[in-house]
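Here is what each chain is made of, one letter per residue.
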Amino acid sequence: MKTKLTGLSVALAMALLPISSQAVMMVKPPSAATPDVDWSWVPDLPPGDPLFSQQWHLRNTGQAAFAKSAGTPGQDMNLWLTHLLGIHGVGINVAIIDDGLELDHPDLAANIRPGSWDLVNNDNDPTPDNPTDNHGTAVAGIAAAVGWNAIGGRGVAPKAGLKGFNWLLNQSIEGWLMSHGAAENTQDSRVFNQSYGYSTIYPVKYDLSQPKQALEEQVYAEVTQTSHQGRGSLFVKSAGNSYNYFYGWLGASLGAAFVLPGDYFDSNRSGPANNGLPMQDSNLTPTNANYWNLVVSALNADGGLSSYSSVGANVFVSAPGGEYGIDKPAMVTTDLSGCDAGNNVIGDSGNVLHGGHELDPNCDFMGTMNGTSSAAPNTSGAVALLMSANPALNWRDVKHILASTATKTDPQHSGAALSFIDSTGQLVEYDAIPGWQTNAAGYEFNSFYGFGRVNIDDAVMMALHYAQPLPPLMITDWTHKTVDSQIPDANLLGVDSHFQQSEDFVVEAVQVKLDVDHLRLHDLAVELISPAGTRSVLLSPRTGLVSQSLDNSVTGFDQQLLLSHHFYGESAKGQWRLVVRDTNSESSSWIAYFDSANIFSIPQVNNAQDGVLKSWDIRFFGHQGG
């Protein structure tokens, strides 16, 4: 039976649990919240920054950020007190792994540290040659633009160090190793910002027999755990921008196109396209389902999910990403310098800041940066502040603090439900993605927002008084479960497989590998249910996994990796249940949008036979003790 715990009821429930469970449960600590004091009357530190007043993610007063409409006051990262206390990220270097970084930008130059590298021209200056390669410079400004210099805006960690790598322009394994901490020039970086990713119509095998994937996994693990005298580093990763549609590879014969749900252009549909479900679950790519990556979803200026943000059980926290900066606020951040490069150019009137403005006459900044590409550096800046506030913190302590202090944003969010006709012709309701749930350890979690919006002031207060580090990390071996059971077509019960965990320890994260035969993968929903009854949707249904309509060699999932943070703090001991459901008995379709003159509806007939859950594997990340 599912246990629902909130507030003080956690302590009472813990007292009623068996002794063995009490020994391994990690109850969410009491709030380390900053005093309930209104600091808004405190003036900004001189000489200030002219664009700061429009940076709603830092301090949301209801400003429009040069867009047509404003956000909601208070929906920000809550860092005013942290900055007033002088905690600005000093001593922490953030590596920006992107399309380049303008080292001489007037609002970045003072924070640039040695070690940047141009992987295209093989020199130490990754300043973009192409005037459209402004993404990394914008990302860097969100994380650590210089503060209080009377220029532009400021970063979340305005005195943290920055170094840049244009790995996206030359994606060699050597460049990956250099930019991700396996070379001398990045060994002094404690935060690695990865504002990139991809979406796919194909299932992706997690296969460590492949040398490249095995090497990347090893480097992620080693740099995270062993760098900086064992305090480690954190890799921050964007969740993706594929809720409504995505740009994906359709195969060698077709190339790439936008992938949209079949009812996207249907003016007669009732409700949102794709039943309101995400076209790409953030869990579907191995880098996003990788335990070593702290994955972040994006929020708008009203505190809800940004319209584009991917979601999933792999999301750890959420942070501001904004909308598009035209109708609703985006991020105000650094752009490539000058009015002939970047997003802010002469003649651009979409955002009031652009095209030359009295606060930015040289067009060195932009008002249209958005995406989970923005949520990631907001989080990277927050991590830098925590590490700067308490340099003794290790990487897991930082994650624990973020999870323990995050704000329950959009508290009325109810998730996403799905109605479908089952195999008997009955209309059934399925809670496809639950809203906010409180797990047995008292941690609130939502697949749209993870543990919630990053709350810097509360996190810093907890960091400053952090006296008890987490016990050492333990990682179990993979346990294999052979099932070979049918997944009935369009059946709410699905197939249910059990695993009995005999060892007693505290869970921090769980990974599953899935082997399934099924001829229409986008119908499938996958859930994992803990011994305490906490239900986590590892894979939502109706995703863009539509490759089987183009390639009949794709017969299902082969070692598909999925990750959940939903069970944080719970006991591992007991029965874990994996449930796989087929949610569609009807024909369906999707749209391949190459350009406005080439839009094709691709049919997908229903699978003619039931699928098969062949097997699954599970492993746990956690620690001993309570």
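First, a word on what this report is: a plain description of the structure on this page. (Residues numbered from 1 in each chain as written. Predicted model: local features only at pLDDT ≥ 70, side-chain atom pairs only at ≥ 80, totals over all residues. Heavy atoms only, no water.)

Looking at the layout of surface pockets
Test applied: With a 1 Å grid spanning the protein atoms alone, the term cavity applies to any set of points in which a 1.4 Å probe fits but cannot get out, the term pocket to an open set with protein on both sides within 12 Å along at least five of seven lines, and the term lining residue to any residue with an atom within 4 Å of a point. Grid points are joined across faces, edges and corners, and a volume is the space filled by probe spheres set on the points. Numbering of helices and strands runs from the N terminus; a helix is a DSSP stretch of H or I covering at least four residues, while a strand is a stretch of E covering at least two.
Put simply, the largest pocket is a space of about 1100 Å³. If you go around the largest pocket, you meet 48 residues; those closest to its centre are Tyr196, Gly197, Tyr198, Ser199 and Lys237. Counting only elements with at least two residues in the lining of the largest pocket, the list comes to α6 (211-226), β4 (234-238), β5 (246-249) and α7 (372-389). Top element by residues in the lining of the largest pocket is α6. It accounts for five residues.

With respect to the pairing of strand β20 (residues 535-539)
This is how the line gets drawn: The buried label applies to any residue whose accessible area, calculated with a 1.4 Å probe on protein chains only, is under 20% of its type's maximum; exposed applies above 50%, and partly exposed to all values in between. Criterion used throughout: strands pair if DSSP finds at least two bridges between them.
Counting buried residues along β20, five of its five residues qualify, which places the element largely inside the surrounding structure. Both strand β19 (residues 524-529) and β20 contribute to a ladder of four bridges, which runs antiparallel. Directly across from glutamate 527, in β20, lies its bridge partner valine 537. Between the end of β19 and the start of β20, which pair antiparallel, lie five residues, with glycine 533 showing a positive phi angle near 95 degrees.

What to know about the sheet that holds strand β23 (residues 588-595)
Note on sheets: strands pair through backbone hydrogen bonds, and any given pair is parallel or antiparallel. For clarity, the threshold we go by: The convention used is that axes are lines fitted to C-alpha atoms, helices contributing only their stretch in contact, and that angles between N-to-C directions extend from 0 to 180 degrees.
Ordered by their spatial adjacency, four strands build an open sheet running β5-β6-β23-β24, and the pairing between neighbours is antiparallel. The two strands at the open ends of the sheet, each matched to only one other strand, are β5 and β24 (598-604). For this sheet, the mean inter-axis angle between neighbouring strands, taken without regard to orientation, is 35 degrees. Sheet analysis places β5 next to strand β6 (residues 256-261), joined by four bridges and oriented antiparallel. The partner of glycine 248 across the bridge, within β6, is alanine 257.

Quick look at the side chain of serine 195
What counts here: By the criterion applied in these results, polar contacts are pairs of N or O atoms within 3.5 Å in which, for protein atoms, one can donate a hydrogen and the other can accept it, and in which residues neighboring in sequence qualify only through two side-chain atoms. Two residues qualify as a contact provided that any one of their heavy atoms is within 4.5 Å of a heavy atom in the partner residue.
Residue placement: serine 195 occurs in the loop between β3 (189-194) and α6. Judged by its relative accessible area of 3%, serine 195 falls in the buried class. Among the polar contacts made by the side chain of serine 195, one reaches the main-chain carbonyl oxygen of serine 373 at a distance of 2.9 Å. Excluding anything up to four places from it in sequence, serine 195 contacts Ile97, Asp98, His135, Val139, Ser238, Ser373, Ala376 and Pro377.

Some points on the state of the cysteines
Cysteine pairs can be linked by a disulfide, which is a covalent bond between their two sulfur atoms. Note the following rule: The disulfide definition used here is simple: a pair of cysteine sulfur atoms within 2.5 Å.
Throughout the structure, instances matching the rule amount to one disulfide. Bridging cysteine 339 to cysteine 363, the disulfide has an S-S length of 1.9 Å. The sign of the S-S torsion, about 80 degrees, decides the handedness of the disulfide formed by cysteine 339 and cysteine 363: right-handed. Here the residue cysteine 339 occupies a position in the loop between β9 (331-334) and β10 (365-369), and cysteine 363 occupies one in the loop between β9 and β10, the gap between them amounting to 24 residues. Given the relative accessible area of 0%, cysteine 363 is considered buried.

Description of the pattern of salt bridges
To be explicit about the condition: Salt bridge, as used here, is a side-chain nitrogen of Lys or Arg placed within 4 Å of a carboxyl oxygen of Asp or Glu.
One pass over the structure, following the stated rule, counts 16 salt bridges. The partner of lysine 408 in a salt bridge is glutamate 444, with the nearest N and O atoms 3.0 Å apart. Remark: glutamate 444 occurs in strand β14 (residues 444-445) and lysine 408 occurs in the loop between α8 (395-405) and β11 (415-421); sequence separation between them is 36 residues. Under the relative-accessibility criterion, lysine 408 is labelled partly exposed at 32%. Ionic contacts of the salt-bridge type, sharing partners, join the residues Asp431, Glu527, Arg535 and Arg581 into one network.

Description of a nonpolar patch on the surface
Rules: Only residues whose relative accessible area exceeds 30% and that take part in no salt bridge are eligible for patches, with like-charged residues grouped when within 9 Å of each other and nonpolar side chains (Val, Leu, Ile, Met, Phe, Trp, Tyr) grouped when within 5 Å. Shrake-Rupley sampling with a 1.4 Å probe provides the accessible areas, and residues are treated as covered by the protein chains on show and by no other component.
Together, Tyr245, Tyr247 and Phe258 make up a nonpolar patch on the protein surface, roughly 300 Å² of accessible area in all. Relative to the assigned elements, tyrosine 247 resides in strand β5.

Describing the environment of threonine 534
Along the chain, threonine 534 turns up in the loop between β19 and β20. It is 44 Å that separates the C-alpha atoms of threonine 534 and leucine 51, two residues lying 483 residues apart in sequence. When residues no more than four places from it in sequence are discounted, the contact partners of threonine 534 are Asn439, Ala440, Leu528, Ile529, His566, Phe567 and Glu570. Among the polar contacts listed, one links the side chain of threonine 534 to the side chain of glutamate 570, at a separation of 2.4 Å.

Things to note about the nonpolar core
Which entries qualify depends on this criterion: Buried residues of nine kinds, namely Ala, Val, Leu, Ile, Met, Phe, Trp, Tyr and Cys, make up a nonpolar core once their side-chain atoms join them within 4.5 Å.
Leu162, Leu386, Val398, Ile401, Leu402, Phe451 and Ile456 are the most contacted members of the largest nonpolar core, which has 102 residues in total. If you tally residues by element for this core, the top one is α7, at nine residues. If near-sequence neighbours (up to four positions away) are discounted, isoleucine 456 is found in contact with Met77, Asn78, Leu79, Thr82, Val156, Ala382 and Leu385. In this structure, Phe505, Leu514, Leu521 and Trp576 belong to the second largest nonpolar core, which totals 30 residues.

Some points on the environment of aspartate 523
Among the structural elements, aspartate 523 can be located in the loop between β18 (506-517) and β19. Residue classification places aspartate 523 among the buried positions, given a relative accessible area of 0%. C-alpha separation for the pair aspartate 523 and serine 585, spaced 62 residues apart in sequence, amounts to 8.9 Å. Excluding residues within four positions of it along the chain, aspartate 523 makes contact with His518, Pro541, Arg581, Asp582, Thr583, Asn584, Asn606 and Asn607. Reaching out from aspartate 523, the side chain makes a polar contact with the side chain of histidine 522 at a distance of 3.4 Å.

What to know about the packing of aromatic side chains
To keep things clear, this is the line we draw: We call Phe, Tyr and Trp rings a pair once their centres come within 6.5 Å, taking the six-membered ring for Trp, and we label the pair stacked below 30 degrees between planes, edge-to-face above 60, and tilted otherwise.
Going through the model one piece at a time under the given rule, you end up with 30 aromatic pairs. Here the aromatic rings of tyrosine 443 and phenylalanine 451 are separated by 5.9 Å at their centres, their planes lie at 70 degrees, and the arrangement is edge-to-face. The class of tyrosine 443 is buried, set by a relative accessible area of 1%. Summarising the aromatic geometry, the rings of phenylalanine 594 and phenylalanine 600 are spaced 6.0 Å apart at their centres and angled 75 degrees between planes, so their arrangement reads as edge-to-face.

Don't take any of this as a statement about function, it's just geometry.
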